[in-house]
Each structure stands twice: as structure tokens, then as C-alpha cells.
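# Fold and geometry: a report
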Amino acid sequence: MVKIPRWGTYLPETKEKTSGKLIEDASLSSEVVISLCQHIGAPCNPLVEKGDRVLVGQKIGDTEAFCSAPVHASVSGEVIAVEPRPHFTGGCLLSVVIAADGKQENVEFAGVSGKLTPQKVRCAVREAGLVGLGGAAFPTHVKLCPPEGKSIDSVIINGCECEPFITCDHRNMLEKADLLLDGLRIIMATVEAEKGYIGIEMNKLDVIRKVEELVAGEENIKVVRLDTKYPHGAEKQLIKAVLEREVPSGGLPMDVGALVHNAGTTIAISEAVREGKPLTERVLTVTGPGVKNPKNLRVKIGTPIGHLIEGCGGFEGEPGKVIMGGPMTGFAQFSLDVPVVKGTSGVVLFPRDQVEITPHGPCFRCGRCIRACPVFLVPNFIGLYVERDMIDKAEVYSVMDCIECGLCAYVCPARRPLVQYMKYAKGKIMARRKKTS
Amino acid sequence: MSEPLELVVSVSPHIRAKEIVSGIIGWVILTLLPVTLMSVYVFGLYAVKIIILSVGTTVLTEAAIQKLRKIPITIGDGSAALTGLLLALILPPRVPWWIPVIGGLVAITLGKQVFGGLGYNVFNPALVGRAVLMVSWAEPMAQSWLSPLGRLDAVSTATPLALMKQARAGLAQFHSAYYYKPLLFTNPGGCLGEVSALLLLVGATILLYKRIIEWRIPAGFLSTVFVLSLFTKTDPFFQVLAGGLLLGAFFMATDYVTSPVTPRGTLIFGIGCGFITVLLRCFSNVPEGVTCAILFMNAFTPLIDRYTMPRVYGKGKRREKAPL
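All values reported here derive from a predicted model rather than from experimental measurement.

### Observations regarding the overall build of chain A
Check the secondary structure of chain A and you find 13 helices and 17 strands. Expressed along its principal axes, the backbone C-alpha trace of chain A runs to roughly 60 × 50 × 50 Å. Evaluated residue by residue, chain A yields a buried proportion of 56% over its 437 residues. Expressed as a percentage of contacts within chain A between residues at least 6 apart in sequence, the contacts between residues at least 24 apart total 72%.

So this is what it looks like as C-alpha cells:
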């Protein structure tokens with residue numbers, strides 16, 4: 001039985017172009033740009049200088065801070081600059097620029113030797129520079145260290161991939177199902193959880209069947225079939241769907257004994273622990289109606305997106321919009337020099353004639369945003385308040401609980417930029433809280 | 001570095017649902033067309049005259065006011081035309097020509113534009129128009145009916161609902177079951193939009209199926225009328241079919257702008273409308289109560305919204321009043 005949640009919306013999935021395509025290795029670009037802050041938390045300090053020669057997997061940035069993750073060179077070659085470079089969220093961040101020599105010589109990797117202990121796993125995961133690969137890019141080792149007094153009973157693997165167009169997790173799970181389960185077992189052992197769940201949406205039946213076959217007979221691991229309703233892959237919504245538990249407002253999943261990891265991250269955990277492989281590449285989907293040959297690619301971190309688009313046959317039609325991430329939550333880019341970071345799940349392209357630029361109208365209170373909101377907010381009222389810069393009112397109406405899934409703006413018939421209003425209000429409130437604390 | 005490209009940059013989401021405001025209003029107009037055409041069939045030129053004058057006035061008034069306010073003219077979204085059509089459908093067939101004209105003027109100016117236009121009005125504009133007409137020109141509004149079952153040339157002062165009222169006062173004989181068939185198919189004794197309950201239901205079914213209207217308001221409205229009719233010892237089927245109830249419940253109480261937006265709120269709104277309708281139909285000195293019931297509940301919409309805010313994910317108790 002597949003349960004249908006009362007929130008959310010069925011989006012056009014538009015995954016058919018790439019869901020059946022094997023993951024290919026992307027060609028090497030001549031230059032990679034590795035940002036020193038690819039995660040939520042403290043940025044890294046560079047460990048190399050201009051002129052240094054680096055090898056694949058060599059650590060080039062790290063910090064003492066706990067909530068952070070080191071970055072590694074994804075190609076072998078010479079560091080030609082350590083300077084601010086464009087970042088996908090707009091603006092520039094300190095980055096290490098490496099000219100690839102094409103030899104791809106790597107440092108020696110070694111997996112965890114002997115018996116796996118939680119401490120060894122956390123250490124291996126941190127050294128590999130793992131962050132959440134679903135998009136939020138939260139350092140993975142931090143999630144594996146529940147603080148004193150919090151116990152985790154259930155680990156959930158997020159295999160929903162609810163964003164339209166994107167199929168990288170789909171392919172990755174299908175092609176590395178054994179590593180997915182190995183990763184899940186490692187996580188469960190590390191946080192001492194009894195139960196493991198793998199939540200997969202019903203549009204990936206091939207993955208569901210394969211994983212169900214592999215876990216047959218195991219009592220503590222269960223595949224949960226989920227309705228293909230957006231945003232099932234949002235962490236808190238997934239926990240509610242799988243465990244019937246609600247994470248308290250402002251709290252973390254571990255407050256209700258749950259831990260969620262993205263499917264791609266789980267596979268990377270297995271690789272980091274067993275082989276000692278640092279995160280220097282990831283799988284992503286280059287797709288959309290604006291690209292000639294959509295593909296699932298294994299890409300070196302730091303590759304400029306322009307190189308990937310070229311590798312997929314270039315633009316189809318006049319270029320209109322280039323989005324990093326999925327079409328619901330991704331970031332539109334102004335330049336093709338922006339590099340892939342650890343959290344990039346896809347590059348979605350739209351031709352100019354499919355980019356809608358319309359002025360928005362007044363809210364006519366149809367209530368679609370309220371019925372769609374997975375957090376049960378009232379986006380129409382919040383939007384009206386933010387429009388008049390009444391941020392206090394927006395805060396009272398729980399704007400800080402917004403997960404920015406994009407549904408309210410998606411369904412709005414008046415095309416109101418509701419997500420923009422939410423982000424604006426949240427930014428203002430965060431800044432004010434910082435000032436007062 | 002690659003050569004610069006002209007790319008569009010905007011905040012997520014980058015895809016949008018197909019529905020737009022004018023499309024939604026277009027569907028409502030489209031689903032009103034069957035009953036509109038039936039009114040033309042039954043009332044002939046009387047109906048044509050009222051519809052043209054009413055729609056023409058609302059559209060021109062909206063354009064004129066927007067021109068005066070120096071804001072973009074938005075008659076293309078169809079909302080003014082819809083107001084005009086709804087107003088025409090709640091007028092008696094034999095009213096003089098100036099009734100729909102004044103009604104349209106009042107609906108758009110007092111009903112909508114003084115509040116700031118689409119999305120900001122408190123009361124349903126078409127019903128504001130009708131309410132003003134009923135109060136100011138009671139005679140033409142109350143006595144321009146055609147005979148309930150009779151010939152087109154016979155002018156009557158009684159609709160089926162008025163007859164029921166007289167019967168309750170012991171003034172006349174009345175068999176409600178006698179009216180089922182005319183009310184469903186062709187009922188000449190009523191407003192333009194009351195000619196055929198069946199065609200209204202056809203339109204309403206399409207709106208519900210396309211999820212342009214939600215089920216809660218009409219369900220709350222109609223079921224309340226049905227149940228309360230049993231208590232007031234009137235025929236519940238007759239009560240639901242007669243007068244402007246179906247038109248009101250499916251096409252006017254469901255007006256987005258003037259009804260609550262929260263799921264629980266819409267149900268409360270519908271039940272309130274039904275309650276007041278029965279109250280007025282059975283215990284007031286006017287035969288019909290749908291107009292007043294919806295306008296009355298419109299006034300409560302902000303209050304209902306405030307008290308029925310959904311419980312936010314991860315936040316404590318079930319019912320939480322939104323702060324003022």
C-alpha cells in the first residue's frame with residue numbers, strides 16, 4: 001500500500017529522457033575550480049599555494065571547525081590560482097583553481113582496516129569530505145555524531161528524488177544497490193539504530209524491486225514505497241511519511257530519533273569507509289528541454305557547467321535559463337563558468353522560449369498555496385505581509401518553518417513570487433536575530 | 001572563460017503550473033454558459049437584453065475606473081465579465097433596462113474597485129449589486145417574474161419559494177413535489193440563473209472535477225439547508241432545488257476572493273451560509289435568503305480565516321489562533 005499524503009502536488013516528472021540512461025563518465029575539463037566552502041558550516045582554509053602540484057584525492061582545504069568538511073583535488077595538475085571565483089548561489093567564494101595535466105595520478109587510498117567502530121567510520125567519513133549530496137550539503141560526519149542524550153532508532157535513506165528532471169539518484173541506486181545497502185548498514189551500526197528504511201517514490205519501480213530483492217529476509221531493513229508527490233524527499237516530510245513522526249519546529253530529525261541520509265551520500269559513505277575514497281566526483285544529471293543530449297554523468301567536482309553542457313551536445317535552441325539543482329529549488333545561473341560543487345544534483349536547461357517572464361498579479365485568494373504547502377503554512381498571507389515589508393507579521397505566521405520547496409509559487413495562478421518573499425523575510429529575520437544575540 | 005550569454009536569472013521555482021487567473025475565471029464563465037443559454041431559450045429577448053447590459057456595464061465600468069486610477073486595465077482577466085454574468089443570472093427576467101445597468105455599476109464600483117480591485121474586495125460584487133437593487137427598487141425586483149408554471153406573457157408576483165412562504169402562513173395551497181420537474185429542467189418562475197437546476201449541476205460538476213472549486217463550501221452549504229429543512233418541516237429536496245441556492249452554493253459562495261482560504265474555514269463558511277439561508281427563507285418576510293446569507297458570511301471571512309489557520313508542521317497543539 002502506498003500512502004497518499006494530504007499535502008503536496010503531483011508535478012510533471014519529466015524524467016523519461018534520462019531515467020533509462022547509464023551513468024557515463026564526463027570528460028575531463030582543462031581547468032577545475034574547487035570552492036573552499038561547499039557545505040553548510042565553516043569554510044576551509046587552503047592547504048596549497050599557487051604553483052603547487054596536486055594529485056587526485058589530495059586534501060587542498062581543511063579547517064579545525066567541527067561543522068565543516070575538507071575539500072580534495074579532483075584532478076592531478078598544477079594550482080594556478082587561489083582566489084575568489086563565482087559560486088552557484090551568486091557571488092564569489094575563495095576557490096582553488098587547478099589546471100589539469102590529464103594524468104589523473106592519485107594519492108593512495110586505504111579503507112578502514114580491521115573491525116569497524118563508530119569512531120573509525122566518523123573519521124573516515126570526515127576525511128573523505130562527505131557532505132549531503134541531495135543539495136543541502138550538510139557535513140555527513142556531523143550527522144553521524146548524535147549529541148549526548150539523543151538516541152537514534154531509525155535511519156532513513158532518502159531515495160525519493162522528488163525534483164522533476166533529475167535522475168542521478170535513480171541511476172546511482174540502480175547501478176550501486178549493493179553499496180547503498182552497505183552504506184545503510186554502516187550508518188545503522190555507527191549510530192546504533194535498530195531500524196533502517198529506504199524511502200523510494202513509485203516512479204522508480206525498477207529500483208524498488210531490485211532493493212527489495214536484496215533486503216529480502218532482513219527484518220531490520222525495509223523498503224518504503226512512496227507516492228510520487230512533491231516534496232516527498234524533503235527531510236521532515238519524509239520522516240512523517242515513513243515514521244509518522246513530526247520533527248518539532250526549529251528542531252532536528254534526531255529530536256524524534258530519526259536520521260535521514262540521501263541515497264547518493266549513503267553510497268559515498270560505503271565507498272569512503274571500504275576504499276577510503278575521498279569525495280572528488282559525483283553523479284549528476286544534465287537535462288531539460290534546452291540541452292541536445294541529456295545524460296547522467298559522473299563528474300569531477302569543480303568542473304565548470306559550460307564544459308558539461310558541451311559534453312552533452314550543447315544547447316538546444318536559444319539558451320534561456322541554466323539551473324543548478326532541480327527546477328523547483330535550484331539556482332538560476334548567469335555564467336557557465338560556475339563549477340559543480342558537492343551538492344549539485346543536476347544542471348537543468350531551458351530554451352529562451354520556454355522561460356516564462358510575466359508580471360505577477362494580486363493574490364485572489366484561491367487557496368491553492370495553502371492546500372499544497374507541506375508545512376501547512378499560509379503562503380498567501382505571508383506573501384501579502386512581506387510585500388508590505390511587515391516582517392514581524394510574517395514571523396508570527398511561522399515563515400521560519402518554510403522549507404522553500406517552491407510549491408506555493410508553482411501552483412499560484414497569479415504567478416506571485418512567494419518563495420522570493422519567504423527567502424527575503426527569512427533573511428531579514430535571521431539578520432535581526434544575529435544582531436540581538 | 002566562456003563567452004557571456006544572456007541568461008534569465010530568477011528565484012526558484014523555475015517551472016510553473018499551467019493554471020492562470022484568466023484561465024480559472026474562463027472556466028467558471030464556461031460552466032455558466034449552459035444555464036445562460038437555457039435562460040435565453042426560456043425568456044428569449046428579455047434574457048438577452050439583461051445579459052448584454054449587465055456584462056457590458058461591468059466590463060466598461062472596470063475599464064473606466066482603472067483608467068481613472070491610472071493602473072493597468074485588466075478586463076482581459078474576465079473577472080468583470082464574470083461579475084456581470086452572475087449579476088444577470090440573479091435578476092428577474094422582466095426588469096426594466098436600467099436595473100442591470102445600475103446593478104453592474106454598483107457591483108464594480110462599490111462592490112470591488114473601492115476596495116482596490118480584484119483580490120481585495122470583502123463582499124461578492126454581483127451580490128452587492130443585487131442587494132442594492134433589492135433595497136432601492138424593491139418593486140421591479142420583486143414583481144418582474146413570469147408565472148412559475150405558466151405562459152410567457154403572464155406576469156406573476158410569485159416564485160415557487162414565495163408560494164411556499166404563503167402556504168406556510170396558511171394563505172395558499174402548495175405541493176412542493178409538483179415543482180421538482182420544472183425546477184430541474186425549465187423553470188420560468190425565477191431569476192435567469194434559476195431556470196434549470198440540472199444545468200447548474202452540470203457546470204458545478206465540471207468545476208469540482210477540475211478542482212477549480214473545492215467541495216467544502218457547496219457541501220457545507222447544501223447539506224445544512226437540507227438538514228435544517230427537515231427541522232423546519234419543509235421539503236428538503238424542494239429547498240435545495242428552488243431559488244438561487246444551487247447558483248449561490250456553487251458559483252457565488254465559492255468566489256475565491258470573498259470566501260475563507262483555510263480548509264476548515266471553508267467548511268464553516270458553507271455551513272454558515274446554509275444556516276442563514278434557511279433562517280431567512282422560513283422566518284423572514286422575504287422569500288429568498290441566499291443573497292443575504294452569502295453577503296453576511298462574506299463579512300465573517302477574515303475572522304473565520306484567522307480562527308482556522310492550519311496547524312504548522314512540528315508545532316504543538318492542533319488549533320492555534322492566528323494573532324491579530
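### Focus on the domain arrangement of chain A
All names here are of chain A. The domains assigned to chain A are domain 1 (118–275) and domain 2 (368–436). If you look at the interface, domain 1 gives 6 residues, while domain 2 gives 5 residues. When the residues that make up the side of domain 1 that touches domain 2 are grouped by side-chain class, the tally is 3 nonpolar, 2 polar and 1 charged.

### Topic: the nonpolar core
One finds Cys373(A), Ile382(A) and Cys408(A) to be the most contacted residues of the largest nonpolar core, which totals 174 residues. No other element matches helix H1 (residues 21–43) of chain B, which puts 9 residues into this core. Counting residues domain by domain, this core receives three or more from each of domain 1 (118–275) and domain 2 (368–436) of chain A. In this view, Ile382(A) contacts Leu377(A), Ala394(A), Tyr397(A), Val399(A), Tyr421(A) and Met422(A); residues no more than four positions away in its chain are not counted.

### Concerning the interface of chain A and chain B
Size of an interface, as often reported, equals the accessible area lost when the parts are brought together. Counting residues at the interface gives 54 residues for chain A, matched by 34 residues for chain B. Of all the secondary structure elements, the ones that give two or more residues to the side of chain A that touches chain B are strand E15 (319–324), helix H9 (368–372), helix H12 (407–411) and helix H13 (418–436) of chain A. With 5 residues, the single largest contributor to the side of chain A that touches chain B is E15(A). Here the residues of the side of chain A that touches chain B are counted per class, giving 31 nonpolar, 13 polar and 10 charged.

### Overview of helix H6 (residues 235–243) of chain A
All names here are of chain A. With 9 of 9 residues buried, H6 is to be regarded as a mostly interior element. Along H6, the positions that sit buried rather than exposed are Glu 235, Lys 236, Gln 237, Leu 238, Ile 239, Lys 240, Ala 241, Val 242 and Leu 243. Turning to H6, the residues buried within the fold contact strand E9 (154–159), strand E10 (195–201), strand E11 (221–226) and strand E12 (258–262).

### With respect to the pairing of strand E14 (residues 295–300) of chain A
Residues and elements named next belong to chain A. With 5 of 6 residues buried, E14 is to be regarded as a mostly interior element. Where strand E1 (residues 24–25) lies against E14, 2 bridges are found, and the strand directions are parallel. Looking at E14, one finds that Glu 24 is bridged to Leu 297.

### Notes on unusual backbone geometry
Only a minority of non-glycine residues have a phi that is not negative, and only a minority of peptide bonds are not trans. The linkage connecting Tyr230(A) with the following residue, Pro231(A), adopts the cis geometry, with an omega of -5°. Tracing the backbone through its elements, the reader meets Pro231(A) in the loop between E11 and H6. Omega for the bond connecting Ser12(B) with Pro13(B) falls within 30 degrees of zero, at -5°, which places this linkage in the cis form. Mapped onto the elements of the fold, Pro13(B) is located in the segment before H1. Here the phi dihedral of Glu161(A) falls at roughly 45°; this positive angle occurs in a residue that is not glycine. Structurally, Glu161(A) is set in the loop between E9 and helix H3 (168–175). Residue Ser398(A) is not a glycine yet carries a positive backbone phi of 65°. Examined against the element boundaries, Ser398(A) turns out to sit in the loop between helix H11 (391–396) and H12. By C-beta crowding, Ser398(A) is classed as buried, having 21 other C-beta atoms within 10 Å.

### Let's talk about the confidence of the model for chain B
All names here are of chain B. For chain B, per-residue confidence averages 88 on the pLDDT scale, and residues scoring 70 or more make up 92% of the total. When mean pLDDT is taken per element in chain B, helix H3 (residues 79–89) scores highest with 97 and strand E2 (residues 155–156) scores lowest with 57. Taken together, the chains of this predicted complex give a pTM of 0.91 and an interface ipTM of 0.89.

### Quick look at the sheet that holds E11(A)
Residues and elements named next belong to chain A. Pairing in this open sheet of 4 strands is parallel, and the strands run E11-E10-E9-E12 from one edge to the other. Edge positions in the open sheet fall to E11 and E12, since each of these has one partner strand only. Averaged over all adjacent pairs, the angle separating strand axes in this sheet is 25°, with direction ignored. Relative to E10, E9 is paired through 6 bridges, and the arrangement is parallel. Looking across to E10, one finds that Ile 156 is bridged to Tyr 197. Of the strands in this sheet, E9 and E12 are in contact with helix H7 (residues 263–275), which crosses E12 at around 85°.

### A short note on the sheet that holds strand E5 (residues 59–62) of chain A
All names here are of chain A. The antiparallel open sheet is built from 3 strands, whose spatial order is E3-E5-E6. The strands lining the two open edges of the sheet, one partner per strand, are strand E3 (45–46) and strand E6 (71–72). Of the strand pairs in this sheet, E3 and E5 are connected by 2 bridges, and their pairing is antiparallel. Bridge assignment links Pro 46 to a residue of E5, and that residue is Gly 61.

Calculation rules
- Residues numbered from 1 in each chain as written.
- Chains lettered and ligands numbered in written order.
- Predicted model: local features only at pLDDT ≥ 70, side-chain atom pairs only at ≥ 80, totals over all residues.
- Helix = DSSP H or I, 4+ residues; strand = E, 2+ residues; numbered from the N terminus.
- Buried ≥ 20, exposed ≤ 12 C-beta atoms within 10 Å, placed from the backbone.
- Contact = placed C-beta atoms within 7 Å.
- Domains from an automatic or database assignment.
- Nonpolar A, V, L, I, M, F, W, Y, C, P; charged D, E, K, R; others polar.
- Core = buried A, V, L, I, M, F, W, Y, C linked by C-beta atoms within 7 Å.
- Pairing = 2+ DSSP bridges.
- pLDDT = per-residue confidence, 0-100.
- Axes fitted to C-alpha atoms, helices over the stretch in contact; angles between N-to-C directions.

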